[in-house]
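Coordinate inspection notes
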Amino acid sequence: MSKRNMTGGYMTRFAPIALPFAALIALAACNTVEGAGRDIESAGEAVTDTAQDAQD
């Protein structure tokens, strides 16, 4: 029997380290997407305001 099988395997040791990092990356991505959404909304409002000013 190999040593890897006797120690519980690579994933058993790796998961407790990888899962918190994956959660942090997911949270950071959510904040980034939310911020990008606000930026795009703001740009859209600026274009709308400019278009309305041009019509007047």
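Refer to the structure above for everything that follows.
Keep in mind that what you see is a predicted model, and the values were worked out from it rather than measured.

Here's the deal with the overall build of the protein
Looking only at helices and strands, the protein features two helices and zero strands. Residues counted as buried form 4% of the 56 residues belonging to the protein. Of the roughly 5000 Å² of accessible surface on the protein, 65% is carried by carbon and sulfur atoms.

Describing the pattern of salt bridges
It is possible for side chains bearing opposite charge to pair when their charged atoms get close. Tallied over the entire structure, the rule returns one salt bridge. Measuring nitrogen to oxygen at the nearest pair gives 3.2 Å for the salt bridge that ties Arg38 to Glu34. Here Arg38 and its partner Glu34 are both found in helix 2 (residues 10-55), four residues apart, which amounts to about one turn of the helix.

Considerations on a negative patch on the surface
Among the surface-exposed residues, Glu41, Glu45, Asp49, Asp53 and Asp56 lie close enough to one another that they form a single negatively charged patch. Among the secondary structure elements, Asp56 is positioned in the segment after helix 2. Taking the relative accessible area as the measure of exposure, Asp56 reaches 80% and is therefore exposed.

Things to note about helix 2
For helix 2, which comprises 46 residues, the first-to-last C-alpha distance of 65 Å matches the rise-based estimate of 68 Å (1.5 Å per residue) to within 8%. By the largest-angle criterion, Pro16 marks the main kink of helix 2, which is about 40°.

What counts, and where the lines are drawn
Residues numbered from 1 in each chain as written. Predicted model: local features only at pLDDT ≥ 70, side-chain atom pairs only at ≥ 80, totals over all residues. Heavy atoms only, no water. Helix = DSSP H or I, 4+ residues; strand = E, 2+ residues; numbered from the N terminus. Buried < 20%, exposed > 50% of the residue type's maximum accessible area, 1.4 Å probe, protein only. Areas by Shrake-Rupley, 256 points an atom, 1.4 Å probe, with all protein chains shown as cover. Salt bridge = Lys/Arg side-chain N within 4 Å of Asp/Glu carboxyl O. Patch = residues over 30% accessible without salt bridge, like charges linked within 9 Å, V, L, I, M, F, W, Y side chains within 5 Å. Lys, Arg positive; Asp, Glu negative; His and termini not counted. Charge placed at Lys NZ, Arg CZ, Asp CG, Glu CD. Expected span 1.5 Å × (residues − 1). Bend = angle between axes of the 7 residues up to and from the residue.

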